[in-house]
Amino acid sequence: MLCALAAIPILIAVAVRLSSSVPPGRGPAFLDRITQNGLFVGVTAMLVSVPLFLPLTVGVVAGDTVAGEAGLGTLRYLLVAPAGRVRLLLVKYAGAVAFAVAAPLVVALVGAGIGAALFPVGPVTLLSGDSIGAAEALQRLLLIAAYLAVSLMGLSAIGLFMSTLTDVPVGAMASTVVLSVVSQVLDALPQLEWLHPWLFSHYWLDFADLLRQPIAWESFLTNALLQGGYVAVFGALAYGRFVTKDVLS
Amino acid sequence: MTRTWLRWMPAAVVPAVIAAGVLSGSLPASAGDPLPEKTPRQVLLMVAQHGEKSLSGTLEQTSQMGLPELPKAGAGSPETAWLELLTGPHTARVYLDGPEKARVQIMDRMAERNAVRNGDELWFYNSKDNTAAHAQLPADADGRHEARPGTATTPEELADKLLAKLDASTEVTVGTDVQVAGRSAYNLLLTPTSDATLVDSVAIAVDGETGLPLGVEVKARGQAEPAFSVAYTSLTLEAPDAAIFNFTPPPGATVEEIPVPDHKAAAALPPSDAAAAKAGKRPTVTGTGWASVLEFPAGAVALPGKAQGGAPDPATANPLRPGTSDPEGTRTVAAALLEQAAVAVPGGRLVSTSLVNVLILNDGRVLAGSVPLERLQAAATPR
Amino acid sequence: MTAAVPATELSIETTGLSKRFGHQLAVDGVDLAVPKGSVFGFLGPNGSGKTTTIRLMLGLAVPTGGSVRLLGEDMPRQLHGVLPRVGALVEGPAFYPFLSGAANLHRFDAADPHVPAATRKARVRSALERVGLTHAADKKVRAYSLGMKQRLGIANALLAPRDLLILDEPTNGLDPQGTREVRSLVRSLAADGATVFVSSHLLAEVEQICTHAAIMSAGRLVAQGTLEELRQGGQARIRVVTPDAGTAAEVLSRLGLSAATSPGGAAPGGGGVLYAPLPGAAGNGEAAPEAVVAALVAAGVRVRGFAIEQVSLEDRFVALTGEGFDVVQ
Ligand SMILES: Nc1ncnc2c1ncn2[C@@H]1O[C@H](COP(=O)(O)OP(=O)(O)O)[C@@H](O)[C@H]1O
Ligand SMILES: [Mg+2]
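Computed from a predicted structure; not experimentally measured.

Take the overall build of chain A next. Scanning chain A from N- to C-terminus turns up 9 helices and 2 strands. Taken from N to C terminus, the helices and strands of chain A fall in the order α-α-α-α-α-β-β-α-α-α-α. Computed over the C-alpha atoms, the radius of gyration of chain A is 20 Å, within 12% of the 18 Å expected from 2.2 N^0.38 for a compact globule of 249 residues. Overall, the C-alpha framework of chain A stretches about 60 × 40 × 30 Å when taken along its three principal axes.

Structure follows, in structure tokens:
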């Protein structure tokens, strides 16, 4: 899964390298900057992965947490070991979180690496027009990866809850991924503007605020708060469901 | 079973706690002492006297005027930029340090527009197409402002003058205190006395401590939500980091030099305006106060190519057409907006918003005002 | 039926245990009493509720009614105190197919926070050795045969010293050699002092290794006790071989014994076979067996064979659970 994610920045870098030139202002933001600065491969790859690839992989991992064990039948042996239901749930969520942290990090670092290999690396122009050195740019890249990791916490909790609902892992994965798509679609409907700040995907693309000078931390904080809320709500739901669940698989 | 119910408790309690937290957070914070009572004149005086020259803050602007949203940061052209700024919600960061250093950052999605002034240097930058514009201000630009005759009034005089001017058309009151960016503020309310205008009220939030205006809210008649509002969501009254005002265009950016007219030329009318006036294309004003109607003679306003024809030419009406920074493109965006928003009315077409109506007559004249359509039509018929 | 055993001497005790799935009662008021140190056979045809009962005992499912005590502690309240002392095989083995047998055991053992990690390697090795899987320890479970998985499942139950082993159909899928091995394994476990609770749908298996047994049918517990008690629960009967079956039946019914002809049909020599409950048993008349023979002979019945038969546990099992392949619903 992480390898599939790592392929995204590699594809982007190779495609840009092979194509003649990217006209400014076309395609995903930052794409036109790649030829001037390889570090933008990481940013572009993260931007491209946010709507689908990251939620998809996180949905698969989070949806598999409990339902995967139930599907294999190993859940009953873990429980009679006894692993403890709460402990098992926490360990499983920690696993999903670890993946959510690793996934954007892999995209960012592989992107920066392949970018550095194929393109020049130098000072990075921020959205505000100011330039920062490559070292600080790498820091920003890691910050964005952290932002995306936080952004995926809520989805991971939703996946965990979905995973406690069924013994069929594919069902939990699919419903989690579908939910992330639904959330993004709702976020695009202007008629539902009142709902937008409550959608877990609402701030996903605001990682761009980390590319401003000075950094606009508001979206990071708001996003973290929102994700925290989702983790609390769906964590409590997952707890309620899993602790009372009859394990019959 | 009680055990089962106990285990579902967190799932019920957590959303309840969050809901309670959100509700209590969104309630108007009545914390802090109420501000001492002040008359409108005293509040205006505070504004005139306020000495806050250094600040950094975030401005939030929303508008619900019933206009379609324009693509954000679509083009760097100043002609459409103002329209775009009026139609959608925006967040901007503002940095001020004295009169000579300022920076405004309009935070678009995945992009940013900057205006930076550092002494004589003036920079504009749009990250969307990586373009910058530079202007060198005349060295005495600010000295001139202060020396201008007629402006050398004391704050008291200024407040009195303003009140006297407003008196005929507007009721000026101070409403109940409001909270803006976490600060208690006086709420200066301007309510038009005339029924003929679309404007219901204008509310200006004035910081109770410093007199700094913190926000403006314009309400239209018959609309509960403000039609237009701009206010700080956060504010620090300290000098920002000096590095913020140092701007050099990034490598690879297209830089355009804006010629600045010299002192004498600047004192006169801008060339284009002067030309327009010579050609008899200056707007005329009928009515007074809030109900004033501006009339632009035919040809004064750039209209879409087929304005009279009705159906827009799809090729020119596409607002997303690339390369909109050329004048053609500018017109295209304006035209597209017009085509989208205009409805046919007897004698022409109407662009109607909750605050302003614009009537484009079939003969090419354009009437605009914060008044209902009937008054525009009445103003259009020659007496 | 059960000899009165003090509650503390019971490894498993359920009272009125019930589990409802939708409108179907899978387990219906089961009162099990499994004495400490016994090898307890839990018999019942497929679908009679054995696995469900075991899930309820292990706290995997919450009973609709009734309660479970395991090793003297309330389940599932004391689950964390009890389960480390219990090894279990529930509804067949289940493993991560992409891990080796040893890695699977490592993983399950690591799931239990109560056991020391330091001794894990040694415990896994000895558990694998006990079920004869040492040679396949590093093979991926994907490549295991059903019997090997079954052995690995038993090894998982033996990872730590246990006071109670609950094995659900442990010989499923095993070859005769494996079945024999499991039998001796169960005996050796019992010899070590553990209580072994073995469920099975095969009577022969239970008869060979168990000291106690209980019989489930359609979610209900229909009998339990020591094997001896269970056998006695069924009555002995007399078997009469005679060509004069009609007359013999008349004589027997005169004696108050309701005779039935054998389903097996004719006996060699053209005679019929008659069965009747053993006289002297409750409510079956006063005649002693020898008096029955005398009465038959006196009536001119040509008695070619006469025997008193003890009921086999199998007959008892069939009588209690019904015959044939119909899964009891
Ligand atoms: N998850 C379940 N949902 C609904 N019914 C079930 C479920 N598991 C078992 N049952 C029903 O409960 C009854 C007992 O099943 P089980 O305990 O597995 O029998 P056994 O182990 O004795 O073969 C069966 O009739 C079966 O259909
Ligand atoms: Mg079973």
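Back to the text.
With 150 residues, the main nonpolar core has Phe207 of chain A together with Leu58, Leu70, Val86, Ile166 and Phe197 of chain C as its most contacted residues. Counting residues per element, this core draws most heavily on helix H5 (residues 85–118) of chain A, which supplies 10 residues. If sequence neighbours within four positions are ignored, valine 86 of chain C has contacts with Leu58, Leu70, Leu71, Arg162, Leu164 and Ile166 of chain C. Counting residues in each nonpolar core, the second largest holds 21 residues, with Leu35, Leu163, Val202 and Ala227 of chain B among its members.

The subject of this paragraph is a nonpolar patch on the surface. Residue and element names in this part refer to chain A. On the surface, Leu52, Phe53, Leu56, Val181, Val185 and Leu189 cluster together into a nonpolar patch covering about 440 Å² of accessible area. Residue assignment for the nonpolar patch shows that the elements contributing at least two residues are helix H3 (53–72) and helix H8 (169–188). Looking at the secondary structure, you find leucine 56 in helix H3.

Another aspect to go through is the sheet that holds strand E12 (residues 254–257) of chain B. Hydrogen bonds between backbone groups are what pair the strands of a sheet, and the pairing can be parallel or antiparallel. Residues and elements named next belong to chain B. The strand order E7-E8-E9-E10-E11-E1-E2-E3-E4-E5-E6-E12 describes an open sheet built from 12 strands, whose pairing is mixed. Here the strands that pair on one side only, and so sit at the sheet edges, are strand E7 (170–180) and E12. Taken pair by pair, the neighbouring strands of this sheet meet at an average axis angle of 20°, ignoring direction. Across 8 bridges, strand E3 (residues 101–108) lies against strand E4 (residues 111–118) in antiparallel orientation. In the strand pairing of E4, isoleucine 106 is matched with arginine 113. Against the sheet, helix H2 (residues 40–49) makes contact with E7, strand E8 (183–192), strand E9 (199–207) and strand E10 (213–220), and its axis sits at roughly 120° relative to E8, the strand it touches most.

The next subject is the packing of helix H1 (residues 2–18) of chain A against helix H2 (residues 40–49) of chain A. Residue and element names in this part refer to chain A. The contact between H1 and H2 brings their axes to 9 Å, and the two run at 120°. Here H2 runs oblique to H1, going by the angle between their axes. Seen from above, H1 lies across H2 with right-handed handedness. Here Ile8, Pro9, Ile12 and Ala13 of H1 come into contact with H2, specifically with Val41, Thr44, Ala45, Val48 and Ser49. In terms of residue class, the contact of H1 with H2 is built from 7 nonpolar, 2 polar and no charged.

Contacts between the two partners involve 30 residues from chain C and, on the opposite side, 21 residues from chain A. Summing the contributions of chain C and of chain A, the shared interface buries around 2,000 Å²; its carbon and sulfur component is 60%. The interface formed by chain C and chain A contains 2 salt bridges. The salt bridge partner of aspartate 246 of chain A is lysine 19 of chain C, with a shortest N-O separation of 2.4 Å. Scanning the region where chain C abuts chain A turns up 15 residue pairs in polar contact (both at pLDDT 80 or more). Looking at the side of chain C that touches chain A, the elements that each hand over two or more residues are strand E1 (10–21), helix H2 (79–82), strand E7 (86–89) and helix H3 (101–111) of chain C. Of all the elements, H3 of chain C adds the most residues to the side of chain C that touches chain A, at 4 residues.

Moving on to the environment of proline 155 of chain B. With respect to the secondary-structure elements, proline 155 of chain B resides in helix H5 (residues 155–167). It is 38 Å that separates the C-alpha atoms of proline 155 of chain B and threonine 248 of chain B, two residues lying 93 residues apart in sequence.

Here we come to the site of ligand 1. Close to ligand 1 lie Leu248 of chain A together with Phe21, Gln24, Ala26, Pro45, Asn46, Gly47, Ser48, Gly49, Lys50, Thr51 and Thr52 of chain C. In this structure, ligand 1 is bordered by residues of chains A and C. Contacts to ligand 1 include threonine 51 of chain C, whose side-chain N or O atom sits 2.5 Å from an oxygen atom. Summarising the interface, the protein chains cover 69% of the accessible area of ligand 1, which totals 560 Å² for the free molecule. Contributions of two or more residues to the shell around ligand 1 are made by strand E2 (24–30) and helix H1 (50–57) of chain C.

Conventions used here
- Residue positions are counted from 1 within each chain, in the order its sequence is given.
- Numbering of ligands from 1 and lettering of chains from A proceed in the order in which they are written.
- Only residues with pLDDT of at least 70 get local features here, since the model is predicted, and only at 80 or more are side-chain atom pairs given and counted; chain-wide, interface and lining totals rely on the full set of residues.
- The basis for every side-chain value is the complete set of non-hydrogen atoms in the structure, without hydrogens or water.
- Counting from the N terminus, the helices are the DSSP runs of H or I reaching at least four residues and the strands are the DSSP runs of E reaching at least two.
- Our radius of gyration looks at C-alpha atoms and nothing else; its globule reference is 2.2 Å times the residue count to the power 0.38.
- Residues enter a nonpolar core if they are buried and are Ala, Val, Leu, Ile, Met, Phe, Trp, Tyr or Cys, with the set joined through side-chain atoms within 4.5 Å.
- Partly exposed residues are those whose accessible area sits between 20% and 50% of the maximum for their type, while under 20% is buried and over 50% is exposed, using a 1.4 Å probe and protein chains only.
- Contacts are assigned to residue pairs with any non-hydrogen atoms lying within 4.5 Å of each other.
- Residues form patches when they are more than 30% accessible in relative terms and have no salt bridge. Like charges link within 9 Å. Nonpolar side chains (Val, Leu, Ile, Met, Phe, Trp, Tyr) link within 5 Å.
- What sets the accessible areas is the Shrake-Rupley method with a 1.4 Å probe; for residues, cover comes only from the shown protein chains.
- Basic side-chain nitrogens of Lys or Arg form a salt bridge, by our definition, when they fall within 4 Å of a carboxyl oxygen of Asp or Glu.
- Paired strands are those between which DSSP finds at least two bridges.
- Comment: axis = line fitted to C-alpha atoms, over the contacting stretch for helices; angle = value between 0 and 180 degrees taken between N-to-C directions.
- In these notes the angle categories are as follows: under 35 degrees is roughly parallel, over 145 is roughly antiparallel, 65 to 115 is roughly perpendicular, and the rest is oblique.
- A crossing counts as left-handed when the near helix is turned anticlockwise from the far one by less than a right angle, and as right-handed when that turn is clockwise.
- Any residue outside Ala, Val, Leu, Ile, Met, Phe, Trp, Tyr, Cys, Pro, Asp, Glu, Lys and Arg is labelled polar, Gly included; the first ten of those are nonpolar and the last four are charged.
- Summed over both partners, the accessible area (1.4 Å probe) lost when two parts come together is defined as the buried area.
- In protein, a polar contact requires one atom able to donate a hydrogen and another able to accept it; more generally it is a pair of N or O atoms within 3.5 Å, and residues adjacent in sequence count only if both atoms are side-chain atoms.
- A cutoff of 4 Å decides nearness: a residue is near a molecule or strand if any of its heavy atoms lies inside that distance of it.

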